[in-house]
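# Chain and residue survey
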Amino acid sequence: MVDYHASNNQASSGGPAVYMDPREQENDWDRDLLLDPAWEKQQRKTFTAWCNSHLRKAGTQIENIEEDFRDGLKLMLLLEVISGERLPKPERGKMRVHKINNVNKALDYIASKGVKLVSIGAEEIVDGNAKMTLGMIWTIILRFAIQDISVEETSAKEGLLLWCQRKTAPYKNVNVQNFHISWKDGLAFNALIHRHRPELIDYDKLRKDDPLTNLNNAFEVAEKYLDIPKMMDAEDIVNTARPDEKAIMTYVSSFYHAFSGAQKVIFPLITPKKAISPLNFPFYSCIHISHKNIILSLLEWIRRTIPWLENRAPEKTMAEMQQKLEDFRGYRRVHKPPKVQEKCQLEINFNTLQTKLRLSNRPAFMPSEGRMVSDINGSWHNLEGAEKGYEEWMLNEIRRLERLDHLAEKFRQKATIHESWTDGKEAMLTQKDYETASLSEVKALLRKHEAFESDLAAHQDRVEQIAAIAQELNELDYYDSPSVNARCQKICEQWDALGSLTQSRRESLERTEKQLESIDELYLEYAKRAAPFNNWMEGAMEDLQDMFIVHNIEEIQGLITAHEQFKSTLPEANKEREAIQAIQAEVQKIAQYNGIKLSGGNPYTTITPKSIDDKWHKVEQLVPQRDRALQEELAKQQSNDHLRRKFATQANIVGPWIQTKMEEIGRISIEMNGTLEDQLVNLREYEQSIIEYKPHIDQLEGDHQLIQEALIFDNKYTAYTMEHLRVGWEQLLTTIARTINEIENQILTRDAKGISQEQLHEYRTSFNHFDKDHSGALMAEEFKACLISLGYDGDAEFARIMGIVDPNNSGAVTFQAFIDFMSRETTDTDTADQVIASFKILAADKNFITADELRRELPPDQAEYCIARMAPYSGPDAKPGALDYMSFSTALYGESDL
């Protein structure tokens, strides 16, 4: 038995078990923020494993403790798992503000549990601050895994330390005084496991000088049999001078919680209230009687209890076996403790009695055979051996039933999933949907079937697993094996059927795909040939119905030639049409032969064979209609061409005749041959000859009327139009009339002012000289040059004279106005002697003058005017280029004036 007093004293030697406020632990954390790298590594691994031991209950875990808690989601989930309470709904956004809000919700919950968070903020956790994250996790471990530990009125760290001391007290080489150095050799971990599960560890084989083996042994056993994950590496502990206290505490707290539900060892403490002295001898008799009664009662209880503990009748269900285990725990919790106390009391009473008898010099008390303390111990040893065997048997049976229940549940789950997956698969595989599908749909069905085959192959493993589980259930003698076997057989038979149906459907799909590919190729060929042929027919119909507008025979003949060429292509086009229709006929033939139900039309074109035939018949109808229209237009253009030729023949005569007459009139008005009266007679005769030409004009007007009625707008046979000829004729009549009128006015002016015929001739000569464009009138600049030649100068003088000769501001001076101006001016002109004197001055008193002197002294126009009227000088003093200025005066004033 364990010496309770020794354990208690050992704990006391370590100091009073004082509860440490978690806030003090947090302050310790703040002071230790600058972690030793080795300690940080130990904490990171330990805290990660501790978190995952809880998160796996929610089906998740973390890999990197400072990264995976940054968004706050897994942090909130961890708190919900370890507390069993619901936290506020987390925010699912990925922005920084959402992460901070989630972490704040977790920190607020921790604070609501009375934990003061010092220097730990949401921003640091979201930023992935490793030290802050480890500090936060330690705060959670301290609050939810260590703070509630209570042993003999001590809690948290001191309570956990006291529990470790109590449990490891009986073990050699183990002296737990702290949570760092005391655990380096690994014996303390092994002692905790051996104390509660001695069958898992052979403690006597462990050596203090082999810490790596000790630590690895404890960690592996704890992970394998106690469901305590490996939170530290043995090397990290051994190679560190002082292992991290927080990591060790976290690991050890997992052992505490794993064993906290185990049956506690009872340490009865019986202390006599009253010492026995020789004076109370009657008490010996009482002890003797009590000893006898207790022995008999205890032996009888052991005798009745051992057969119950040796009963190995198995149960079918886990619930029944759990009830047996609960009965056994009830036995240890309720029925055995009083018997343990009785046995202890029996030993105390027996020892007390023997002591008193020895002090009283009386013989020792000797119980009868079979009632001695050694008999009790032997029976008790048998009882405990039966207990151990019974407990081991029950645990093995529970493991077996757990295994069976797990396998049965696994079988049911896999079978249910498989049956759910196969539901409707036979109907899907037997349907004939491909018979009415298009090629693309059949290809899609084939790809879908290939995906199903892949899915089917993937489910092969599940079927094999179901069969293997059923086999294992049979081997483990599962009580409901018949129903399992029946369900497994049904699944296997259905699986074989699905395999056959899958192969059959694949063959049907591939066969249909091949047939539809042949049809699709024909469809594609049909579309490739039908499209251009259809476009050709539509273009042909459009051309055949197109209204044409032609203006001459060449254009209509070009259309007729093009139409004849088009008609020559019709036989070849008809062959193409028949070839296209043959393709469609081949499609129908393949479909009928293979029993294919064609759904819809050609996927590559909307052009049907019927539309091709309809358009072809339409073309055949339009061709003769086009023939008739072209022939009618040809006849019309031939008639129009005759009209053109007729008009052109006459116009080509009249046009030049009018032009010639206009030129003759202009020449007559300029040359002024003979007297004015002679010129007037000639002009009137000329006018009469022009008027007599009027029937030719009338004939052209008639021909032009016919051309207009025929809507003929051009005539390549002549450059003359009726409008041009009509304007020319009217211009001719106007010109001859105006010329006659000018001669009549000149006669009136001559007679009124007494101008001689020579003067009129000189006026005409001067006028014609300055009329550079021969328009019959002097423009402003031409008249200005004339004035300058007469000695006039200045823009003001020029404007005054223009106002006289051109009162209507037409910008031109007629010959009549010029005569009036000259007749007025001559009354004030210099005499011949004055003119000769002027030239004599310019000639420096010479009898002649040179052209260079005239050009140097006179304006250009006036100089040229004088040079043109001077004869060469032939006197004795003549020089080359000398001009006789006397001849200019003679020409200007005549012999009489000189």
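Residues numbered from 1 in each chain as written. Predicted model: local features only at pLDDT ≥ 70, side-chain atom pairs only at ≥ 80, totals over all residues. Heavy atoms only, no water.

- Looking at an unreviewed UniProt entry, one finds the chain named Actinin, alpha 4, with Hucho hucho as its source organism.

## What about the overall build of the chain?
- Of regular secondary structure, the chain possesses 33 helices and seven strands.
- Of the accessible surface of the chain, which amounts to about 48,200 Å², a share of 52% is contributed by carbon and sulfur atoms. (Helix = DSSP H or I, 4+ residues; strand = E, 2+ residues; numbered from the N terminus. Areas by Shrake-Rupley, 256 points an atom, 1.4 Å probe, with all protein chains shown as cover.)

## With respect to the nonpolar core
- The biggest cluster of nonpolar side chains holds 78 residues, and the ones touching the most others in it are Ile140, Trp183 and Phe189.
- Examining the composition of this core, we find that 11 residues originate from one element, helix 8 (residues 130-146), more than from any other.
- Residues within four places of tryptophan 183 in sequence aside, it is in contact with Cys164, Val176, Asn178, Ala188, Phe189, Leu192, Leu215, Ile237, Ile248 and Val252.
- Membership of the second largest hydrophobic core comes to 48 residues, among which are Tyr693, Ile712, Phe798 and Val805. (Core = buried A, V, L, I, M, F, W, Y, C linked by side-chain atoms within 4.5 Å. Buried < 20%, exposed > 50% of the residue type's maximum accessible area, 1.4 Å probe, protein only. Contact = heavy atoms within 4.5 Å.)

## Side note on the sheet that holds strand 7 (residues 882-884)
- What the three strands build is an open sheet, ordered 5-7-6; its pairing is antiparallel. Only two strands of the sheet have a single partner each, and these edge strands are strand 5 (849-850) and strand 6 (871-872). (Pairing = 2+ DSSP bridges.)

## Here's the deal with the pattern of salt bridges
- Counted by the stated rule, this structure contains 50 salt bridges.
- As a salt-bridge pair, arginine 304 and glutamate 300 come within 3.5 Å of each other at their nearest N and O atoms. Pair noted here: arginine 304 and glutamate 300 are both in helix 14 (residues 282-309), with a separation of four residues, about one helical turn.
- Residue glutamate 300 is classed as partly exposed on the basis of its relative accessible area, which comes to 30%. (Salt bridge = Lys/Arg side-chain N within 4 Å of Asp/Glu carboxyl O.)

## Points about the packing of aromatic side chains
- Summed over all chains, the structure comprises 28 aromatic pairs.
- Here phenylalanine 189 and phenylalanine 255 contribute two aromatic rings whose centre-to-centre distance is 5.8 Å and whose plane-to-plane angle is 50°, an arrangement assigned as tilted. Of the two residues, phenylalanine 189 is situated in helix 10 (residues 187-196) and phenylalanine 255 in helix 13 (residues 245-259); the sequence distance between them amounts to 66 residues.
- For phenylalanine 189, a relative accessible area of 0% translates into the label buried.
- You can call phenylalanine 255 buried: its relative accessible area is 0%.
- Ring plane angle 5° and centroid distance 5.7 Å describe the contact between tryptophan 421 and phenylalanine 452, whose orientation is recorded as stacked. Residue tryptophan 421 is found in helix 16 (residues 373-422), and its partner phenylalanine 452 is found in helix 18 (residues 439-475); the two are separated by 31 residues along the sequence. Accessibility classification places tryptophan 421 together with phenylalanine 452 in one group, the buried group.
- Members of the aromatic cluster, joined through ring pairs, are Phe179, Trp183, Phe189, Phe219, Tyr251, Phe255 and Phe259.
- If you follow arginine 143 out to its NZ or CZ, it ends over the ring of phenylalanine 144, 5.2 Å from the centre.
- Across from the ring centre of tryptophan 421, 4.8 Å away, lies the NZ or CZ of lysine 425, which sits over that ring. (Phe/Tyr/Trp six-rings, centres within 6.5 Å; stacked < 30°, edge-to-face > 60°. Lys NZ or Arg CZ within 6 Å of the ring centre and 35° of its normal.)

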